[in-house]
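A closer look at the structure
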Protein chains: 2
Amino acid sequence: MNARATMTGGIATGMNEIGMRAKAGAAYLRTATTHDKNHALHQAASAIRDRAAQILAANARDLENATTLSPAMSDRLTLNDARIEAMAKGIEDVAAQADPVGRELARWTRPNGLDIARVATPIGVIGMIYESRPNVTADAAALCLKAGNAVILRGGSEAAHSNAAIHAAFVEGLRSAGLDARCVQLVPTTDRAAVGEMLKGLDGAIDLIIPRGGKGLVARVQAEARVPVLAHLEGICHVYVHAKADAAKARAIVLDAKMRRTGICGATESLLIDRAVLPSLGVAILKDLAGAGCEIRGDDAVCAVFAKAARAREEDWRTEYLDAIISVRAVDGVDEAIRHIDTYGSRHTEAIVSEDAQVAEHFLSALDSAIVLWNASTQFADGGEFGMGAEIGIGTGKLHARGPVGVEHLTTFKYIVRGAGQVRG
Amino acid sequence: MNARATMTGGIATGMNEIGMRAKAGAAYLRTATTHDKNHALHQAASAIRDRAAQILAANARDLENATTLSPAMSDRLTLNDARIEAMAKGIEDVAAQADPVGRELARWTRPNGLDIARVATPIGVIGMIYESRPNVTADAAALCLKAGNAVILRGGSEAAHSNAAIHAAFVEGLRSAGLDARCVQLVPTTDRAAVGEMLKGLDGAIDLIIPRGGKGLVARVQAEARVPVLAHLEGICHVYVHAKADAAKARAIVLDAKMRRTGICGATESLLIDRAVLPSLGVAILKDLAGAGCEIRGDDAVCAVFAKAARAREEDWRTEYLDAIISVRAVDGVDEAIRHIDTYGSRHTEAIVSEDAQVAEHFLSALDSAIVLWNASTQFADGGEFGMGAEIGIGTGKLHARGPVGVEHLTTFKYIVRGAGQVRG
């Protein structure tokens, strides 16, 4: 992890060399077969298992240095045998998925005989910038490789030794499978200037930046990047309980959506309840939440029916708590719920609980969020739960891909046109 | 066209108000029906026909002011009855296309019973920044509206009166159809600061910027934009004549690819010829080109067999001439051709002429360009020729969409999940 040792010509030069190697790796991968890629992934998984002792030793060094981390961050940084096995298994799961490259997305013949096919291709070079969790090193490498992309990995400094050990094992696997190791590179310095260089695109080498981490990291990447960014900003997710909600479903869904895990982006942060059912079903739901240890911040109507509720302030409607806190508001019907979500939401994931199909379909179609659910918990906002396999993140932008981003959306496409001498004339 | 008259609170405030109106327009369009949109498009086409006299009068004012324009630019700016009719017909053609919104792109059921659909939705608000051709005002408005997007149009100052007149007619059509006119706005000032505000995103209102114009405009937009950009940078397109090319096809394709129209982005700028056929087929092709008035800039091998050729310099391989000039190089087989295109091309459109299917398929798969053709002219790089209807541009980036961008790719998607009370538990 010594920047000087590996980047003797300075950060910019060293990073641009990484970019050039990545471009060569991407060119190599454009014609790699499915078998080539899957074989390399299996070898990488084996190498990670074989090198578990080295990876754990490197992780121990990171944990020794990590004296200022919160318990939650420390837990995210910690590796053990089970987590290493999960990492290796995760790589094998990616190998088992269908190859997203080469899929014929559309094909048609023109009146002049030209045969036009839209075919999925790799994006090229992906720059991955992430924080603390060392398993992202293996997950991102596997997903990018499966989709035929070279990847440049830049992990957090707290996990530098762990990331280096995981990367070394992964690359050893690639080499033993005969795959070009330039396809998966780890930035060998924790100098923050390296991130700045990546955001400038490494002289045109990087096609896409994917940040994965806290809001601060993602905001910096979005503000500074000169190349496209697939960003996951925040999940201010809502559940709307309609007047015609089934009470049992509504209680189960709200409790799960908020409390199953409070720290994930698909956790519900705001609850909207139709005024008509607030004193009945609404109070039952609020009791469930309070009983599970959730703090409730309500509007006037909520505070009037539920004494334990604190008064919500304007900023509460815009807050991703990632904690056992929920903001709750009474609304007069689905259109007011939609307006609230349009105004305060982050277009991530929203759910309606209702037995009225017409109202539910209106909610599903009118909202402009990546995921909209009817009678199901917002905590299903997850690539695995969607059956996509591993996800590289959940996109909150609107271009290229939204929601859980798996291997399928780590591709782009090109048009292949086959003719018999046609000219436009 | 008086900035002060319409933006009394200053450019930033005035532009942000335009952004807020566009967001309201986009929310309205999210639930507009296909019939609503098509009816409005037909009314807009009628209004443009009805107001032809006013549009021509406005265009005459622009042409009076346009004393410093080149003849080509002046031609692009000029409207006449035929061009106004073409504009109206173009809007009706967009109305006749299939509605891209609401398409079910994928749908599956999870083991827990959740029904997941990936459904095409509008992007939201599109900022369109373009130069001189006033017909873009109508074309872009129609395409964005069809795909359910609100659009903010910012045309070139030379065409300010023409754009305002076309926009006024278009909006009159929308109003007479009962469609919210906030869906199609024209920036009512030629102050360049307005473009800067659009590139900042108008306080989160703009989801996508599409620049259409010269390299200078597109480069400025890419450098300054804080929101996603769908850019068309340049088309350094290649034809590669393989040793096993059919001579007649090769001669016809190269002549068409270079000379049919030299000023469009799909025009070929560089010709690669297998060394083995350079003295025979190669010379015949060069004679065709020279005979049609094309200047030839060749490498040593080309200059040796064709006396009229000038010596190409390194920069010639990187130049989009948009003129009757071509750079020509001898190569030793398909892999050298691929390497040349990878090094110097702009990943827009490339063609191979060959009767050898294996070589051709290798070329088609190895190249990372938006469009690759086998035995057909690069001048087919066009939305109309692809059967997509009108295009808003040809994308040279790799994210979201590449190649001709029609209404289909002016959409994004969301996931609609229908359940029966499922919780993640």
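Residues numbered from 1 in each chain as written. Chains lettered and ligands numbered in written order. Predicted model: local features only at pLDDT ≥ 70, side-chain atom pairs only at ≥ 80, totals over all residues.

1. Quick word on the overall build of chain A
- Helix and strand counts for chain A come out as 15 helices and 16 strands.
- Relative to the compact-globule value of 22 Å for 425 residues, chain A shows a C-alpha radius of gyration of 24 Å, a close match.
- In terms of principal-axis extent, the alpha carbons of chain A reach across some 70 × 65 × 35 Å.
- Split into buried and exposed, the 425 residues of chain A put 54% on the buried side.
- Excluding contacts between residues fewer than 6 apart, the proportion of contacts in chain A whose partners are at least 24 apart in sequence is 73%. (Helix = DSSP H or I, 4+ residues; strand = E, 2+ residues; numbered from the N terminus. Rg over C-alpha atoms; globule rule 2.2 N^0.38 Å. Buried ≥ 20, exposed ≤ 12 C-beta atoms within 10 Å, placed from the backbone. Contact = placed C-beta atoms within 7 Å.)

2. Regarding the relation of the copies chain B and chain A
- Expressed as a screw transformation, the operator carrying chain B onto chain A has a rotation angle of 180° and an axial translation of 0.0 Å, and the superposed copies differ by an RMSD of 0.1 Å. Taken together, the turn and the small shift mark the pair as related by a two-fold rotation axis. Ranked by how close their C-alpha atoms come to the rotation axis, the residues of chain B are headed by B:His400, at 1.8 Å. (Least-squares fit on C-alpha atoms with pLDDT ≥ 70 in both.)

3. With respect to the packing of helix H4 (residues 52–65) of chain B against helix H8 (residues 160–176) of chain B
All names here are of chain B.
- Closest axis-to-axis distance for the H4/H8 pair is 7 Å, and the angle between their directions is 165°. In terms of orientation, H4 lies roughly antiparallel with respect to H8. Where H4 crosses over H8, the two elements pack in a sense that is right-handed. Here Gln54, Ile55, Ala58, Asn59, Arg61 and Asp62 of H4 come into contact with H8, specifically with Ala160, His161, Ser162, Ala164, Ala165, Ile166 and Ala169.
- Its residues placed into classes, the contact of H4 with H8 shows seven nonpolar, four polar and two charged. (Axes fitted to C-alpha atoms, helices over the stretch in contact; angles between N-to-C directions. Parallel < 35°, antiparallel > 145°, perpendicular 65-115°, else oblique. Left-handed = near helix turned anticlockwise from the far one by under 90°. Nonpolar A, V, L, I, M, F, W, Y, C, P; charged D, E, K, R; others polar.)

4. Points about the domain arrangement of chain A
- Per the domain assignment, the segments making up chain A are domain 1 (3–233 + 404–417) and domain 2 (237–380).
- If you average the C-alpha positions of domain 1 of chain A and of domain 2 of chain A, the two centres end up 36 Å apart. (Domains from an automatic or database assignment.)

5. Let's talk about helix H15 (residues 357–366) of chain B
- Burial in H15(B) covers these residues: B:Val359, B:Ala360, B:Phe363 and B:Leu364. Taken around the axis of H15(B), the buried residues stretch over an arc of 135°, which confines them to a single face. Counted as exposed and oriented over 90 degrees from the buried face of H15(B): B:Ala357 and B:Gln358.
- The inward-facing, buried residues of H15(B) abut strand S16 (411–422) of chain A together with strand S7 (237–241), helix H14 (334–344), strand S12 (349–353) and strand S13 (371–376) of chain B. (Arc of directions from axis to C-beta.)

6. Some words on the sheet that holds strand S13 (residues 371–376) of chain A
- An order of S10(A)-S9(A)-S11(A)-S8(A)-S7(A)-S12(A)-S13(A)-S16(B)-S2(B)-S1(B) is seen for the 10 strands of this open sheet, with the pairing classed as mixed. The strands lining the two open edges of the sheet, one partner per strand, are strand S10 (310–311) of chain A together with strand S1 (104–109) of chain B.
- Contacting strand S7 (237–241), strand S8 (268–274), strand S11 (325–331) and strand S12 (349–353) of chain A, helix H14 (residues 334–344) of chain A crosses the sheet at an angle of about 140° to S11(A). (Pairing = 2+ DSSP bridges.)

7. Some words on the environment of B:Ala45
Residue and element names in this part refer to chain B.
- On the secondary structure map, Ala45 appears in helix H3 (residues 34–50).
- For Ala45, a count of 25 C-beta atoms within 10 Å corresponds to the buried category.
- When the C-alpha positions of Ala45 and Ile91 are compared, they lie 5.9 Å apart, and in sequence the two are 46 residues distant.
- When neighbours within four sequence positions are excluded, Ala45 is seen to be in contact with Ala88, Ile91, Glu92 and Gly173.

8. Some words on the pairing of S16(A)
- The element S16(A) is extensively covered by neighbouring structure, given that nine of its 12 residues are classed as buried.
- Pairing of strand S2 (residues 115–122) of chain A with S16(A) involves eight bridges; the strand directions are antiparallel. Bridged to A:Val119 within S16(A) is A:Lys414.
- As judged from the five bridges shared by S16(A) and S13(B), these two strands associate in the parallel manner. Within the sheet, the bridge partner assigned to A:Tyr415 lies in S13(B) and is B:Ile371.

9. Structural notes on the sheet that holds strand S3 (residues 125–130) of chain B
Residue and element names in this part refer to chain B.
- Strands sit in the order S5-S4-S3-S6 across an open sheet of four strands; the sheet is parallel. A strand with exactly one partner marks an edge of an open sheet, and here the two such strands are strand S5 (184–186) and strand S6 (208–212). Ignoring strand direction, the axes of neighbouring strands in this sheet form an average angle of 20°.
- Where helix H7 (residues 135–146) meets the sheet, its contacts fall on S3, strand S4 (150–154), S5 and S6, and the angle it forms with S4 comes to roughly 165°.
- Along the sheet, helix H10 (residues 215–224) makes contact with S3 and S6, crossing S6 at roughly 160°.

10. A few points about the interface of chain B and chain A
- Listed as interface residues are 57 residues of chain B and, on the opposing side, 57 residues of chain A.
- Broken down by element, the side of chain B that touches chain A gets its largest block of residues, 11 residues, from strand S16 (residues 411–422) of chain B.
- Of the residues assigned to the side of chain B that touches chain A, the class counts are 26 nonpolar, 16 polar and 15 charged.

11. Some words on H3(B)
Residues and elements named next belong to chain B.
- Here H3 spans 24 Å end to end across 17 residues, near enough to the 24 Å set by a 1.5 Å rise per residue.
- Taken as a whole, H3 has its buried residues at Lys37, Ala40, Leu41, Gln43, Ala44, Ala45, Ala47 and Ile48.
- Elements in contact with the buried residues of H3: helix H6 (81–96), H7 and H8. (Expected span 1.5 Å × (residues − 1).)

12. Considering the pairing of strand S1 (residues 104–109) of chain A
Residue and element names in this part refer to chain A.
- Judged by how many residues are buried, S1 sits mostly at the surface: zero of six residues are covered.
- Here five bridges tie S1 to S2, and the two strands are oriented antiparallel to one another. Bridge pairing links Thr109 to Asp115 in S2.
- Between S1 and S2, which follow one another and run antiparallel, lie five residues, and Gly113 among them has a positive phi close to 95°.

13. Focus: the confidence of the model for chain A
- Per-chain confidence: chain A averages 94 in pLDDT, with 98% of residues scoring 70 or above.
- Quick note on the complex model: pTM equals 0.92, ipTM equals 0.92. (pLDDT = per-residue confidence, 0-100.)

14. Focus: the environment of B:Gly196
- Take B:Gly196: it is sitting in helix H9 (residues 193–200).
- Spatially, the C-alpha atoms of B:Gly196 and B:Val151 are 17 Å apart, while their sequence positions differ by 45 residues.

15. Section: unusual backbone geometry
- Despite not being glycine, A:Leu202 shows a phi value in the positive range, around 55°.
- Residue position: A:Leu202 is located in the loop between helix H9 (193–200) and strand S6 (208–212).
- At B:Leu322, a residue that is not glycine, the phi angle is positive and equals roughly 50°.
- Along the chain, the position of B:Leu322 falls in the loop between strand S10 (310–311) and strand S11 (325–331).

16. Topic: the packing of helix H11 (residues 247–259) of chain B against helix H12 (residues 278–291) of chain B
Residue and element names in this part refer to chain B.
- Interhelical geometry of H11 versus H12 gives an angle of 35° and a closest axis separation of 10 Å. H12 is crossed by H11, and the crossing has right-handed handedness. Residues Ala247, Ala250, Arg251, Val254, Leu255 and Lys258 of H11 pack against Leu281, Ala284, Ile285, Asp288 and Leu289 of H12.
- Tallied by class, residues from the contact of H11 with H12 come to eight nonpolar, no polar and three charged.

17. With respect to the environment of A:Glu92
Residues and elements named next belong to chain A.
- Within the fold, Glu92 resides in helix H6 (residues 81–96).
- Each C-alpha atom of the pair Glu92 and Leu367 lies 37 Å from the other, and the pair is 275 residues apart in sequence.
- The contacts of Glu92, once residues within four sequence positions are left out, are His42 and Ala45.

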